[in-house]
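The residues making up each chain are set out below.
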Amino acid sequence: MVDILKITLDEVFTLGADDSMVLKSGVIILMNDYPLHSKERLHLRTLAQYHLDTLRKKEEIPKARHYLYYDANSKIKLDPARYRFWLEERNFAKYFPVDSRTYTFIKIEGKLIEETNEKRIKEFVLDYEFKNSVAGDYSYFNYVACHKTAFTPDFLSMIESSEVEFLQDTADVCYLYYLNCVVAVTKDGAKTVQYKDMTSYVWKNQVIQRDYIACDHHESEFRTFLWHVSNHEMKKYKSIQSVMGYLMHSYKTRANNKAVILNDMVISDNPNGQSGKGLFCYAIGQIKKVDSVDGKAHDFAKTFNLQTVKLGCQVLVFDDVKRNFAFENLFSLITEGITLEYKNQPAVKLPIEKSPKIVITTNYTIGGTGGSHEARKFEVEFSNYFSVNYTPEMEFGHRFFDGWTKEEWSRFDNFAIRSIQVYLQNGLIKCDFDNIDIKKYIREVGSEFYEYTKEHDFMEYGVRVKKGELWNKFFEEFQDSKKFYGDKRRKNCLKLYCEYYGFEMEEGNSSGFGGIGRWVMITKPDIDNNYTPKFFGDENAF
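This text gives an overview of the structure that appears in the document. Small disclaimer: the values here were computed from a predicted structure and weren't measured. (Residues numbered from 1 in each chain as written. Predicted model: local features only at pLDDT ≥ 70, side-chain atom pairs only at ≥ 80, totals over all residues. Heavy atoms only, no water.)

Thoughts on the overall build of the protein chain
Phase 1 of the analysis: The helix and strand inventory of the protein chain stands at 17 helices and 22 strands.
Phase 2 of the analysis: A buried classification covers 47% of the 542 residues belonging to the protein chain.
Phase 3 of the analysis: Across the protein chain, contacts joining residues at least 24 apart in sequence account for 69% of those joining residues at least 6 apart. (Helix = DSSP H or I, 4+ residues; strand = E, 2+ residues; numbered from the N terminus. Buried < 20%, exposed > 50% of the residue type's maximum accessible area, 1.4 Å probe, protein only. Contact = heavy atoms within 4.5 Å.)

Some words on the nonpolar core
Phase 1 of the analysis: With 46 residues, the main nonpolar core has L176, F222, L226, M244, F280 and F412 as its most contacted residues.
Phase 2 of the analysis: At eight residues, the largest contribution of residues to this core is made by helix α13 (residues 406-426).
Phase 3 of the analysis: Filtering out sequence-adjacent residues up to four positions away, L176 remains in contact with C181, V182, V183, V185, I208, I287, K288, I417 and I420.
Phase 4 of the analysis: With 34 residues, the next largest nonpolar core counts A259, L311, F331 and L340 among its residues. (Core = buried A, V, L, I, M, F, W, Y, C linked by side-chain atoms within 4.5 Å.)

Some remarks on the sheet that holds strand β3 (residues 28-30)
Phase 1 of the analysis: Read across the sheet, three strands follow the order β1-β2-β3 without closing on themselves; strand pairing throughout is antiparallel. Sheet topology places β1 (12-16) and β3 at the edges, where each strand pairs with a single neighbour. The average angle at which neighbouring strand axes cross in this sheet is 25 degrees, direction not considered.
Phase 2 of the analysis: For strand β2 (residues 20-23) and β3, the ladder comprises three bridges, and the chain directions are antiparallel. Along β3, the bridge assignment pairs M21 with I29. (Pairing = 2+ DSSP bridges. Axes fitted to C-alpha atoms, helices over the stretch in contact; angles between N-to-C directions.)

Structural notes on the environment of E395
Phase 1 of the analysis: Inspection of the secondary structure assignment puts E395 in helix α12 (residues 392-396).
Phase 2 of the analysis: Between the alpha carbons of E395 and F225 there is a distance of 9.2 Å; along the sequence they are 170 residues apart.
Phase 3 of the analysis: Those residues in contact with E395, other than ones at most four positions away along the chain, are H228, Y385, F386 and Y390.

Shown next, in the form of structure tokens:
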């Protein structure tokens, strides 16, 4: 067995194909048998470079190891093989995400991996050449600054691919990455792990930029904030807390992945927001890598519509989506995974297991009913405790996050861990929020029809009523609404009205002498103050 680290230059006979080295003793060593950034592989690469320098009869081996050199005509040239070795020595590599045919460039620092690109590699190289210039000689810097080819994706693709394995959440464990340690959270507790003891890697942009300190979480200001937006009701509080835990636990499959929809409790045609939904998402971003897109301006039909989303994104927020947001545009993203397209780069397709979880914040209801829609979303609503007239800053006396002490950050971190445990113990906790169903109903039938029918006195029940007369009375009261209620929508409104309130509907056409023409008859149960409308949609959807 050859001790790789003890091999000297004198023992090298020649270099072979497929990154092999032949020793004078006849032993053949394959460099690819050793991990990319291991000491053994780096030593073999160094010997290979020294051997090439010897063959080319370079006088100063250390200087000749540089990827730039002067040819016989005293012109600077770039040696592609040495350029590759030089970049790999500085821990640059290619990375192919699982099940992806395309790659991205990465830089490895210990157990942390940072996504990079050709522009950042160029910046690194130029910075190195500038700082290492001797006696004001910037010849090397000037050469690479003008050598555009050396920084194109095609040319840089010669860098070796790295088969790194990332530490990932499992069904039972959630990992949080702090500066001083990794916290492994299970339903039963949390324990810390040191980076040096890990065998897997972590995306650098997923590291929380503070130390983890264990402490009691009950006095956390964010915990109090959640209690307020839950309308001081324990069931709602636990539901929203489970959502917080769900979003911080990155494990998901096609079967359990849902888009979280954050809505307001207030029913209004012109909602103002400011209930705390954005602050909630910002809090998730203090633990997980969150990217956000403008929900009002986002266009799914445009190319590169997700180009602001980074490869390590764990939660993707569609912020403040417009009234008629088409939820079905997210179906494939929720069940199949995300495709990231950047200009001048190949698209990267991530499977559902490595794609971000989805959050939608809105002041309106998200349209669509039926199993396909309900199975893909989980909705919660925030109370009107906070508003534009009464903000969390007014409540707590300082801005959240920016105004926190080190102790408050520790309480927040430990409350986040507790929320993850709540989710691991219970899953997403369903709660019948006050107005989610009625807002869905209003979205389908319109606020005018809802206002017209909510007192159940707009028609005589249990008898046949002429449809034309019924709708004529409606349009007399809402004169500007006729263009929004065609024949198809009128029929659908009456059908949804009966479904929502648990009524029965018959309809027909009595033509001829003595007939009333097209008619409808609605039969309703006795209405009392304790009557609860039927759940609008699939009551088992959550």
